[in-house]
Amino acid sequence: MVDTDASVEREDVNVAGVMPGPENFRLGLPKILYAAVGLGTVTFALYASMMAREVTGEDGGEFITAAWTLGVPHPPGYPLYCLLAGAFSRLPGLTPAAGVALFSALCAAMTVALLAVLAAERFHSITAGVLAASLFAVTPAFWKHALIPEVYTPTALLIVMLWLAVDGFDQTGRRGWLWGIAVITGLGLAMHNTFMLLALPTALFVLYRNHAVVARPGFWAQPWRTYAGCILMALCCWAVWQVYIPIRSLADPPLDWGNPETWSSWWRHIRREQYDFMVTAQPRTWPRIVAQAKLMFSLYLEQGLFPLDLLGFALIWRACRRWAIYLAGCAAVVVIGFTFWQNPEPTREWRLVMGVFPIPAYMAATFCVAALLSRGIREAWRIRMGRTAVVIAMSGYVLALLAARLPDMNRREFTWAKDYGLNILRALPHDAVYVSNSDHGSFSVLYLQAVEGLRPDVTNARVYGYLTPPDTDRLSDFWRRQINPYLPRSKEWPILEQLVLVSDRPWFFEQYPIFSLESSIQVIPWGLLWRALKPGEPVPEENPWAWYRWADFRDRRGDFTADLIACDLLFARAAEILWRCRPETQPGSGEAELWRGRAAKLLDAGLDIYGPNDGAMLNNAGVLCSRFGAYRQALPYFERAKRQLPWSQPVQKNLERCRAILATQE
């Protein structure tokens, strides 16, 4: 066996492939650290001044609640994040929401600082490292998640720590760095599934590096006992945090996703079994795969790294091919892996979801930008004021991106998600049951109830994306047995119908409920929701719109949740109009068409806000019109949706049905 404690003789190759110049020397670590601390401090000040102070959209309300109550969020559970963010949620002088957002900001600033350390040390240029890391700090994908309660900046921090350990092993070959890689990988697995993908290129890099330097290269010359120990160490570092999930689930916290108290339910939770359907839910045709590739490429172009990163990658490839392959491998497995895993549609919602997963790829691209800057700075010393010109040009580019993106990135005093949750709760009567259908609805209400203690009388029957309704003890055994986390949404309606009939509580739905005619349940619009009235129950006279309070409708800052809520408001107004002139009410044909035209204008206004060419939202507009007999208004929406999502079977079926009905009416 090879003595892995012996230092590996480092190749005397400048990774940037530069010519000898005045900066071509090994930098002292203190200088690098001073520069990194300075950059991290400035970055943290920027992020902290702009971070959210209230609950945000997407998973923000869920993660704040998980941190504050030490609960169990959606699969795989994120135990390490819950414990660390939980400490920040209790910081004195801050609300739980602000504390968890501060955790994101701090991890983001540390990531930027350590990225600068890695680049400066590897390419022998503090200036190149600081400038490249500054560019990464203002990339939209990373910057946005540095300001909100999310898991991605702590994950990024662990990734850059992993790369520092890999760099240390590459330079010295000492066993201690392998143990460091193992510990960080284990912690990363407890933070986010990204480390499942990064484990492969990291393991191959270690194997190749050892193979290249041992005295007797070969399969049996590898230190397999050390590798086995490192794997065991990584699994132990992962497992010790996983104990959190069943322990906290047994305590029945307000957020207890999947109730993973047993070994089998814990395994299903960490394996994300609830989301297995995503892999095969949509067809994998070539046009759709091309559309997914275009989606991911457009997200990459938004970051502002192209083409600097490609030029830098070419330099790394020429000078140190193993690092070029490692960086490309990390980027490829993350982008390809999550694209296959999530199987996204080219819609705005999926664009938001997929925008976060390539952050490690953008980090690798930043490393390549540092290589290019290092080469440029070292070559520019031949020209008078050349180095200064390079630094000024790059600094100006970073500042220009900062200035252009600053207004839309600011999340301070941005309350769209909280306002939505408050308005939902304001409009609900005592002891109501709320069946949510969106993250900004479900998680904002969850946060307001579990963290701020508002309206504990209201029950959300679908807080986890699957049914967890009250009053199930009133159902027969047949209906109770059908309630499970894997029940398709289309099969929930018969169960909900039975619950509405047997329950004494008022029921409200974010999505229009589908009940049988035999049930005699009447569904009426209720502001942003729909209310189910039992047979014989009178129609309430209250106007829920009068209870709603919103901030400046125009101040949306390009935020997905804000635009979606604004679109929801206009769609809800249109739905109420369409409901009032539905065919059952037998209005005059001329009057009905006039009102349906007004409803279509509201739908168009909502689409203009959310995205006029978004296939999913166009389909939703068509479904809303056709549900209430406005097939002439529905047809253009379905046709536009078909052009955007030509492979979508639901869109195709909706379009064919609409055309068939219109043909019978002519």
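What comes next is a walk through the structure. (Residues numbered from 1 in each chain as written. Predicted model: local features only at pLDDT ≥ 70, side-chain atom pairs only at ≥ 80, totals over all residues. Heavy atoms only, no water.)

This part takes up the overall build of the protein chain. Counting secondary structure elements, the protein chain contains 28 helices and five strands. Scaling as 2.2 N^0.38, a compact globule of 666 residues should have a C-alpha radius of gyration of about 26 Å, and the protein chain matches this with 28 Å. Each principal axis of the C-alpha atoms in the protein chain carries an extent, and together these give about 85 × 55 × 50 Å. When the 666 residues of the protein chain are sorted by exposure, 55% land in the buried category. Partitioning the intrachain contacts of the protein chain with sequence separation of at least 6 by distance along the chain shows that 73% fall at a separation of at least 24. Summed over its atoms, the accessible surface of the protein chain is roughly 28400 Å², and 62% of this surface lies on carbon and sulfur atoms. Once the 62 positive and 57 negative side-chain charges of the protein chain are each reduced to a mean point, those two points are 6 Å apart. (Helix = DSSP H or I, 4+ residues; strand = E, 2+ residues; numbered from the N terminus. Rg over C-alpha atoms; globule rule 2.2 N^0.38 Å. Buried < 20%, exposed > 50% of the residue type's maximum accessible area, 1.4 Å probe, protein only. Contact = heavy atoms within 4.5 Å. Areas by Shrake-Rupley, 256 points an atom, 1.4 Å probe, with all protein chains shown as cover. Lys, Arg positive; Asp, Glu negative; His and termini not counted. Charge placed at Lys NZ, Arg CZ, Asp CG, Glu CD.)

Size it by volume and the second largest pocket reaches roughly 560 Å³. If you trace the second largest pocket, you find 22 residues lining it, with P140, K144, E302, L352 and G558 closest to the centre. Secondary-structure elements contributing two or more residues to the lining of the second largest pocket are α6 (140-145), α14 (286-302), α17 (348-354) and α19 (386-409). Here the lining of the second largest pocket is composed, by residue class, of nine nonpolar, four polar and nine charged. (1 Å grid on protein atoms, 1.4 Å probe; cavity = no way out; pocket = protein on both sides within 12 Å on 5 of 7 lines; lining within 4 Å. Points joined across faces, edges and corners; volume = space filled by probe spheres on them. Nonpolar A, V, L, I, M, F, W, Y, C, P; charged D, E, K, R; others polar.)

Turning to the nonpolar core, a few remarks are in order. Y47, Y81, W163, I316 and W323 are the most contacted members of the largest nonpolar core, which has 146 residues in total. The element that contributes the greatest number of residues to this core is helix α4 (residues 96-123), accounting for 15 residues. Residues contacting Y81, with those up to four places away along its chain left out, are F63, G86, V100, F103, P149, E150, V151, P154 and M191. The next biggest cluster of nonpolar side chains, apart from the first, holds 55 residues, and it includes V435, V523, L635 and V651. (Core = buried A, V, L, I, M, F, W, Y, C linked by side-chain atoms within 4.5 Å.)

The next point concerns a nonpolar patch on the surface. Side chains of F297, L301, F306 and L310 sit close together on the surface and give an oily, nonpolar patch of about 380 Å² of accessible area. Turning to its location among the elements, L301 is positioned in helix α14. Residue class for L301 comes out partly exposed when judged on its relative accessible area of 39%. (Patch = residues over 30% accessible without salt bridge, like charges linked within 9 Å, V, L, I, M, F, W, Y side chains within 5 Å. Salt bridge = Lys/Arg side-chain N within 4 Å of Asp/Glu carboxyl O.)

This brings us to empty space enclosed by the protein. Evaluated as defined, the whole model comprises three cavities of 30 Å³ or more. Here the largest cavity is characterised by a volume of approximately 100 Å³. Lining the largest cavity we find 13 residues, and of these T56, G57, F414, D559 and T561 sit closest to its centre. Tallied by class, the residues present in the lining of the largest cavity amount to five nonpolar, four polar and four charged.

Another point: the packing of helix α7 (residues 152-172) against helix α16 (residues 321-342). For any two helices packed against each other, the geometry is given by the interaxial angle and the distance between the axes. Put simply, α7 and α16 touch, their axes get as near as 13 Å, and they point 160° apart. In terms of orientation, α7 lies roughly antiparallel with respect to α16. As α7 packs across α16, the resulting crossing turns out to be right-handed. In this structure, α7 contributes L162, W163, V166, D167 and D170 to the contact, and α16 contributes R322, W323, Y326 and C330. (Axes fitted to C-alpha atoms, helices over the stretch in contact; angles between N-to-C directions. Parallel < 35°, antiparallel > 145°, perpendicular 65-115°, else oblique. Left-handed = near helix turned anticlockwise from the far one by under 90°.)

Another point: the sheet that holds strand β3 (residues 507-509). With mixed pairing, five strands are arranged side by side in an open sheet as β2-β1-β3-β5-β4. The open sheet terminates on both sides in strands that have one partner only, identified here as β2 (459-460) and β4 (522-526). (Pairing = 2+ DSSP bridges.)

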